[in-house]
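Inside the fold
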Amino acid sequence: MTEEANRKSITSSRAPEAVGAFPHAKRVGHLLFLSGMGPRKRGTKDIPGVTQDADGNISSYDIAVQCRSVFDNVRTVLEDAGASWNDIVDVTVFLTNMKSDFPIFNKLYAEYFAGDGKPNPTRTTMEINCLPTPIAVELKVIAAVQ
């Protein structure tokens, strides 16, 4: 099998549309790399857990609602790529407000990722000053698949 034949782009018909020219995921051999995934919902500009002002700036947000939506979106892309939640091996987390959001995120993360029957992947969490859409959290995920 050639190297190019060993690569496949995946676009989910159920996950939020990409905000740029990239697929939801790319499979290379037994690894699946998900593009950054936020809490948006497909087919709408609404973002769960986010209230925006007339100019589109975040006026308030609920990080717990956003986290759950991100986790749901990641699960959707994994499923549409033929993988599962338990195939996740690495997660990179981007938060726009580490001080106030990390404790909530970390608690929810443990519910989804740590413990019996859960993937317990490696993780890196970093604070950034903004994301491409008015969101407070984004995940970059790598999964190992057969």
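What comes next is a walk through the structure. All figures in this text were calculated on a predicted structure; none of them were measured in a lab.

Focus: the overall build of the protein
Check the secondary structure of the protein and you find 2 helices and 8 strands. Each helix and strand of the protein, ordered N terminal to C terminal, gives the series β-β-β-β-β-α-β-α-β-β. The dimensions of the protein, computed from C-alpha atoms along their principal axes, are 50 × 35 × 25 Å. In the protein, buried positions account for 38% of the 146 residues. Taking the intrachain contacts of the protein between residues at least 6 apart in sequence as the baseline, contacts between residues at least 24 apart amount to 66%. For the protein, the accessible surface area stands at approximately 7,900 Å², while carbon and sulfur atoms represent 51% of it.

Let's talk about the sheet that holds strand 6 (residues 88-95)
Strand order in this open sheet of 6 strands is 1-2-3-8-6-7, and the pairing throughout is mixed. With one partner strand each, in any of the chains shown, strand 1 (7-10) and strand 7 (122-127) form the two edges of the open sheet. Here the average twist between neighbouring strands, direction ignored, is 15 degrees. Summarising the sheet, strand 6 and strand 7 pair through 6 bridges and their orientation is parallel. When the bridges of strand 7 are listed, V93 appears paired with T125. Together, strand 1, strand 2 (25-28), strand 3 (31-34), strand 6 and strand 8 (137-144) form the strand contacts of helix 1 (residues 63-80), whose direction differs from that of strand 8 by roughly 30 degrees. Each of strand 6, strand 7 and strand 8 touches helix 2 (residues 98-113); the most contacted strand, strand 7, lies at about 160 degrees to it.

Quick word on the packing of helix 1 against helix 2
Put simply, helix 1 and helix 2 touch, their axes get as near as 10 Å, and they point 35 degrees apart. Every pair of crossing elements has a handedness; the one defined by helix 1 and helix 2 is right-handed. Between helix 1 and helix 2, the residues in contact are I63, A64, C67, R68, F71 and R75 and D101, I104, F105, L108, Y109, E111, Y112 and F113, respectively. Along the lines of polarity and charge, the residues of the contact of helix 1 with helix 2 split into 10 nonpolar, no polar and 4 charged.

Criteria and cut-off values
Residues numbered from 1 in each chain as written. Predicted model: local features only at pLDDT ≥ 70, side-chain atom pairs only at ≥ 80, totals over all residues. Heavy atoms only, no water. Helix = DSSP H or I, 4+ residues; strand = E, 2+ residues; numbered from the N terminus. Buried < 20%, exposed > 50% of the residue type's maximum accessible area, 1.4 Å probe, protein only. Contact = heavy atoms within 4.5 Å. Areas by Shrake-Rupley, 256 points an atom, 1.4 Å probe, with all protein chains shown as cover. Pairing = 2+ DSSP bridges. Axes fitted to C-alpha atoms, helices over the stretch in contact; angles between N-to-C directions. Left-handed = near helix turned anticlockwise from the far one by under 90°. Nonpolar A, V, L, I, M, F, W, Y, C, P; charged D, E, K, R; others polar.

From the geometry alone we can't say anything about function, so treat these as descriptive.
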